[in-house]
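Residues per chain, in single letters:
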Amino acid sequence: MEYSDFLQLVLSRQSDRAYDKERPVETEKLERILEAGRLAPSACNAQPWKFVVITDRELAVKIGKAAAGLGMNKFAKDAPVHILVVEESANITSMLGGKVKDKHFPLIDIGIAAAHIALAAESEGLGSCMIGWFDEKEMKRLADIPSSKRVLLDITIGYPVKEKRKKMRKPKEKVISYNSYK
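Rules of the game
- Residues numbered from 1 in each chain as written.
- Predicted model: local features only at pLDDT ≥ 70, side-chain atom pairs only at ≥ 80, totals over all residues.
- Heavy atoms only, no water.
- Helix = DSSP H or I, 4+ residues; strand = E, 2+ residues; numbered from the N terminus.
- 1 Å grid on protein atoms, 1.4 Å probe; cavity = no way out; pocket = protein on both sides within 12 Å on 5 of 7 lines; lining within 4 Å.
- Points joined across faces, edges and corners; volume = space filled by probe spheres on them.
- Nonpolar A, V, L, I, M, F, W, Y, C, P; charged D, E, K, R; others polar.
- Core = buried A, V, L, I, M, F, W, Y, C linked by side-chain atoms within 4.5 Å.
- Buried < 20%, exposed > 50% of the residue type's maximum accessible area, 1.4 Å probe, protein only.
- Contact = heavy atoms within 4.5 Å.
- Phe/Tyr/Trp six-rings, centres within 6.5 Å; stacked < 30°, edge-to-face > 60°.

S.K.: An account of the environment of Met95 is requested, with residue identities and associated values reported.
M.R.: Tracing the backbone shows Met95 in helix H4 (residues 92-101). Met95 sits 52 residues away from Ala43 along the chain, and the two C-alpha atoms are 9.3 Å apart.

S.K.: Can you break down the layout of surface pockets residue by residue, with the values?
M.R.: The space that makes up the largest pocket amounts to roughly 240 Å³. If you go around the largest pocket, you meet 14 residues; those closest to its centre are Lys21, Thr55, Arg57, Ala79 and Pro80. In the lining of the largest pocket, the residues fall into seven nonpolar, one polar and six charged.

S.K.: Hey, could you go over the nonpolar core for me, with residue numbers and the actual values?
M.R.: Within the largest apolar cluster, 23 residues are counted, with the highest numbers of intra-cluster contacts made by Ile33, Phe51, Ile83, Ile155 and Ile157. Counting only elements with at least two residues in this core, the list comes to helix H2 (27-38), strand S1 (49-54), strand S2 (81-87), helix H5 (105-123) and strand S4 (150-158). Of the residues forming this core, the biggest block, six residues, is contributed by H5. Once residues lying within four places of it in the same chain are set aside, the contact partners of Ile155 are Val81, His82, Ile83, Val85, Ala114, Ile117, Ser128, Cys129 and Met130. Counting 20 residues, the second-largest nonpolar core is a separate cluster that includes Val52, Ala79, Met139 and Ala143.

S.K.: A description of the packing of aromatic side chains should follow, citing residues and the corresponding values.
M.R.: Counted according to the given criterion, the structure contains two aromatic pairs. Both rings, one in Tyr19 and one in Phe75, keep their centres 6.3 Å apart while their planes meet at 50°; by these two values the pair is tilted. Placement of Tyr19 in the loop between helix H1 (3-12) and H2 and of Phe75 in the loop between helix H3 (57-67) and S2 is noted, with a sequence separation of 56 residues between them. Given the relative accessible area of 5%, Tyr19 is considered buried. A centroid spacing of 6.0 Å and a plane angle of 15° characterise the contact between Trp49 and Phe51, whose relative ring orientation is stacked. Per residue, the accessibility class of Trp49 equals that of Phe51, and both read buried.

Structure, rendered in structure tokens:
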């Protein structure tokens, strides 16, 4: 893959909030997307995640309803796939490093894995949206996730039904500086 191909992938990826609810995601595409998440780098190779993949149509609608609240995320019930990202314990090296540096590395690691999943979905011609606002207790109940665990993200996956939007980002001068903070 050329760098320009990767940059085009990054440019085309967006948070899709409308899916073709009649078109299922092919198993082989979903497996490649999940593999991209599994292979993501993590601090001290801790891999502090578990991906609970919801593909059952009836359950996906219920999970989608648990993602909707206060008028947010109404689209989630139409997503054919939900990847619930559960935080798992980091290994001892990552935990010690996090204590020393006052950083919770699993959150960073899960963000990286989620980005891999979203870009992999885009490369497969699928849309995705990372949802952090949801009824976590209800999601755990529906997916048999132990109450002691944290569901950090619900990543919806499906075939988008809306056109791509123009990507709006701050100008590079506002977010990039070289050799010092300016």
